[in-house]
Amino acid sequence: MSIENLNIAPALRVGVLGFGGLGQAAAKVLAGKREMTLVAVADQKGYAYAAEGLNFKDCIAIYQSQGSVGYLESVGTLTNNSIQDLIDTAQPVDGYFLALPNLPNDFIPSVARQFIQSGWRGVLVDAIKRTSAVEQLIAMKDELQAAGITYMTGCGATPGLLTAAAALAAQSYAEIHKVEITFGVGIANWEAYRATVREDIGHIPGYTVETARAMTDAEVEALLDKTNGVLTLENMEHADDVMLELAGIVERDRVTVGGVVDTRNPKKPLSTNVKVTGRTFEGKISTHTFTLGDETSMAANVCGPAFGYLKAGMQLHKRGIYGIFTAAEIMPQFVK
Ligand SMILES: NC(=O)c1ccc[n+]([C@@H]2O[C@H](COP(=O)([O-])OP(=O)(O)OC[C@H]3O[C@@H](n4cnc5c(N)ncnc54)[C@H](O)[C@@H]3O)[C@@H](O)[C@H]2O)c1
C-alpha cells in the first residue's frame, strides 16, 4: 500500500485571524493543501465561516473591494467584535493562525485570553515578533494548559523558521557563541503589510510600539519618503533570543537580529540568513549559515512555517499535550 493510501485522516479545519498581507497569503497557501481546509476568517470589521470551506478568491476579492470578509454573501457577518463572535459561532475549528497586528504589544496575548475564556480547545499559532510579547504568552502557560489549548508562539520566519534553523545548527556544537539573524524583505508597497511595517518602525531609534501605532498613514508615508522606502533595523527586540534561551541553546544576549526592509521593491535588498557560531567538541570554532532563497517571499517564509507548526501542534494536542511551545523547541511538520 502506498503512503498516500494510508493518509486517511480528514483535513484539519483551520481559521485565520487577520486578513491583511499575511492573512491573505495564508489563505492562498492553504488553497494548495489537502491536509488543511480554510473554514474561518476574521478581519477588523467582520468574519466569514463555512464548515465545508471558504473560497479564498472570494474572501480576498471582497476584502480588497469592500474592506471586510463580513460582506461575503451567506457566509459573512459584519461585527465590531469579530474575533469573539467568530470563536462563539464557528464550530468546529481545529486550529487558528493569528495573522493579527500585535498593536498594542499585548494585543495577541489578549486574543489568547479570549480563547482561554471561551472554552475553545485546539491549536493556536502566532508569528509574533517581540521578546516582551512572547514573554507575556509564556507567562500564560498554565492557563493555556488548563484550557486544553496547545499554543505555538514565534512561528513565522523570524522568529520561526530561522530560530528553528538555529536550533538545528546548534547540534554540531558543544557550546554556542552567537546567533546572528539578518533579514532582507522586499515588498511592492507598504499598504500591503501595514502592521508589519508599522511594527518595524517601532524598532527604529526614537520610536516605540505606541508611537508607531499612533502614526497616521501620511506620517508613515513621510517617514518612508525620507529613506526612499527603505527601513534599516539593528539590534531589534526580537523573540528569537528568549526562544533560544528557553530551549537551553544560548543566552539571549548572544542573539542579534537586524535587517533591511524595502517597502517599494519586491526584490529582497539582501539575502535573509542566520549564522550560528560555536565550538565543537574537538575545540574547533565554526559557523553554520542557513540562507533563504532570494526568490522566496516574506509571505512564503511566514505562512509556510506557521501551518507547519499548526500541524505539529495538532499532533501534540491529540496526545493531550497543552500549554505553550516555541519554534526553537518543536520541529514544524510539512503540510501536504
Ligand atoms: N514572525 C515573522 O516572521 C513575521 C513576519 C512578518 C509579519 N509578522 C507579523 O504578522 C502580523 C500581521 O502583519 P500584516 O502586515 O499581515 O498585517 P496587516 O496590517 O496587513 O493586516 C492586519 C489584519 O488584521 C485585521 N485586524 C486588525 N485588528 C483586528 C481586530 N481587532 N480583530 C480582527 N481583525 C483585526 C485587519 O483588519 C487586517 O485584516 C504582524 O503582527 C507582523 O508583525 C511576523
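Residues numbered from 1 in each chain as written. Predicted model: local features only at pLDDT ≥ 70, side-chain atom pairs only at ≥ 80, totals over all residues. Heavy atoms only, no water.

K.L.:
Would you explain the nonpolar core in this entry?
P.N.:
Note that soluble globular proteins tend to have their nonpolar side chains buried in a common cluster. In this structure, Leu-17, Tyr-96, Tyr-151, Val-179 and Phe-307 are the most contacted members of the largest nonpolar core, which totals 113 residues. Not counting residues within four places of it along the chain, the set of residues in contact with Val-179 comprises Ala-166, Leu-244, Val-250, Arg-254, Val-255, Thr-256, Val-274, Lys-275 and Val-276. (Core = buried A, V, L, I, M, F, W, Y, C linked by side-chain atoms within 4.5 Å. Buried < 20%, exposed > 50% of the residue type's maximum accessible area, 1.4 Å probe, protein only. Contact = heavy atoms within 4.5 Å.)

K.L.:
How should I be thinking about the packing of aromatic side chains in this particular structure?
P.N.:
One pass over the structure, following the stated rule, counts five aromatic pairs. Between Phe-97 and Phe-307 the ring centres are 5.7 Å apart and the planes differ by 75°, which places this aromatic pair in the edge-to-face class. With Phe-97 in strand 5 (residues 95-98) and Phe-307 in helix 13 (residues 298-318), the pair connects residues that are 210 residues apart, well separated along the chain. Given the relative accessible area of 1%, Phe-97 is considered buried. Given the relative accessible area of 2%, Phe-307 is considered buried. Taken together, Tyr-96, Phe-115 and Trp-120 form an aromatic cluster joined through their ring pairs. Here the basic side chain of Arg-194 rests over the ring of Trp-190, its NZ or CZ set 5.0 Å away from the ring centre. (Phe/Tyr/Trp six-rings, centres within 6.5 Å; stacked < 30°, edge-to-face > 60°. Helix = DSSP H or I, 4+ residues; strand = E, 2+ residues; numbered from the N terminus. Lys NZ or Arg CZ within 6 Å of the ring centre and 35° of its normal.)

K.L.:
What is the right way to look at the site of the ligand in this model?
P.N.:
The local shell around the ligand holds 29 residues, among which Phe-19, Leu-22, Tyr-63, Thr-196 and Glu-199 are the closest. For the ligand, an oxygen atom lies 3.0 Å from a polar atom in the backbone of Gln-44. Asn-102 places a main-chain nitrogen or oxygen 3.4 Å from an oxygen atom of the ligand. Considering the ligand on its own, with 880 Å² of exposed area, one finds that the protein chains cover 90% of that surface. Counting only elements with at least two residues in the shell around the ligand, the list comes to helix 2 (21-31), helix 4 (82-89), helix 9 (194-201) and helix 13. Among the elements that line the shell around the ligand, the one with the most residues is helix 9, at four residues. (Near = heavy atom within 4 Å. Polar contact = N/O pair within 3.5 Å; in protein donor to acceptor, adjacent residues only side chain to side chain. Areas by Shrake-Rupley, 256 points an atom, 1.4 Å probe, with all protein chains shown as cover.)

On their own, these measurements won't tell you what the molecule is for.
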